[in-house]
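Next come the chains, spelled out residue by residue.
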Amino acid sequence: MDNLEIREAVIADAAGIADVHIRSWQSAYQGIVPQDHLDSLDIEERVKSWENGLETPSCPSMVRLVALFNKQIVGFSCIGKSRETDMPEHGELYAIYMTPDFYGRSVGYGLFRESMKELMKQGYEKAYVAVLKDNQRGIKFYERTGASLIKDSDFTIDIGGKTLTEVHYEWSNLKGLNL
Ligand SMILES: CC(C)(COP(=O)(O)OP(=O)(O)OC[C@H]1O[C@@H](n2cnc3c(N)ncnc32)[C@H](O)[C@@H]1OP(=O)(O)O)[C@@H](O)C(=O)NCCC(=O)NCCS
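In this report, the structure presented in the accompanying data block is examined.

Rules of the game
- Residues numbered from 1 in each chain as written.
- Predicted model: local features only at pLDDT ≥ 70, side-chain atom pairs only at ≥ 80, totals over all residues.
- Buried ≥ 20, exposed ≤ 12 C-beta atoms within 10 Å, placed from the backbone.
- Helix = DSSP H or I, 4+ residues; strand = E, 2+ residues; numbered from the N terminus.
- Axes fitted to C-alpha atoms, helices over the stretch in contact; angles between N-to-C directions.
- Parallel < 35°, antiparallel > 145°, perpendicular 65-115°, else oblique.
- Left-handed = near helix turned anticlockwise from the far one by under 90°.
- Contact = placed C-beta atoms within 7 Å.
- Nonpolar A, V, L, I, M, F, W, Y, C, P; charged D, E, K, R; others polar.
- Near = placed C-beta within 6 Å.
- Expected span 1.5 Å × (residues − 1).

## Describing unusual backbone geometry
Glycine aside, negative phi is the norm for most residues, and most peptide bonds take the trans geometry. Even without being glycine, asparagine 70 reaches a positive phi, approximately 50°. Look at asparagine 70 and you get exposed, because 9 C-beta atoms sit within 10 Å. Here the phi dihedral of aspartate 152 falls at roughly 55°; this positive angle occurs in a residue that is not glycine. Structurally, the position occupied by aspartate 152 is in the loop between strand 6 (148-149) and strand 7 (155-159).

Given below as structure tokens:
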């Protein structure tokens, strides 16, 4: 796609990332996460949190990428070391979000590809992601990119007072994806 750029995020990207983050949550998690929680997401709070995170990464291996279309941020991803102590050989895709206008326009795949390349640069041959079981768009996307469900990986997470189930999907051979 012309006018598309994918690069590492800088602090000045915080507002653009926060905007995508909130819009994408409000769209993708409608009917899944309680509506009052989605309505309460606060842009200023989110910008501050992204500024702090970009200034002082909580984990040294964490890399944040942004996708820009016509110089405007339309998506972001975060990757790094696995948060699961029993999966140390996996890199983790912590997050990947596109702004809703850009769903299904292959930009998410571009971000995914760069994210996995970054994990390979860090030495990982496998990767995984935690995804809400009810997030069918997300799951379909991961399956199209070659991930499979890790059996019995269900765990629960509380979001906005509701208990939701997450599952893990893994890419068991990053080299084999021919990114
Ligand atoms: C999930 C999400 C990031 C996917 O991004 P997207 O831009 O919508 O997805 P894309 O359009 O890139 O998706 C797939 C396309 O990439 C391309 N693609 C996917 N896998 C590919 C592969 N292995 N090789 C080449 N191209 C591939 C294809 O063109 C495919 O389109 P098609 O199968 O529909 O023809 C995005 O929909 C989103 O932000 N969703 C809401 C938030 C969310 O659920 N995030 C995940 C939380 S865990």
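That shown, we press on.
## Here we look at the packing of helix 1 (residues 14-28) against helix 3 (residues 43-55)
Where helix 1 contacts helix 3, the axes come no closer than 8 Å and their chain directions differ by 125°. Considering their axes alone, helix 1 and helix 3 lie oblique with respect to each other. Handedness of the crossing formed by helix 1 with helix 3: right-handed. Residues Ala14, Ala15, Ile17, Ala18, Asp19, His21 and Ile22 of helix 1 form the contact with helix 3, whose own contacting residues are Ile43, Arg46, Val47, Trp50, Glu51 and Leu54. Partitioning the contact of helix 1 with helix 3 into residue classes produces 9 nonpolar, 1 polar and 3 charged.

## Observations regarding the site of the ligand
The environment of the ligand is made up of 21 residues, and the closest members are Ala28, Met98, Gly108, Tyr109 and Gly138. Listing elements by their share of the shell around the ligand, those giving two or more residues are helix 1, strand 4 (90-98), helix 4 (107-121), strand 5 (126-132) and helix 5 (136-144). Top element by residues in the shell around the ligand is helix 5. It accounts for 4 residues. A per-class count over the shell around the ligand returns 11 nonpolar, 7 polar and 3 charged.

## As for helix 4
Counted at 1.5 Å a residue, the expected span for helix 4 with its 15 residues is 21 Å, and the 21 Å between its end C-alpha atoms agrees. Considered for burial, the residues of helix 4 that qualify are Val107, Gly108, Leu111, Phe112, Ser115, Met116 and Leu119. Immediately beyond the C-terminal end of helix 4, within one or two residues, lies glycine 123, with a positive phi of roughly 100°.

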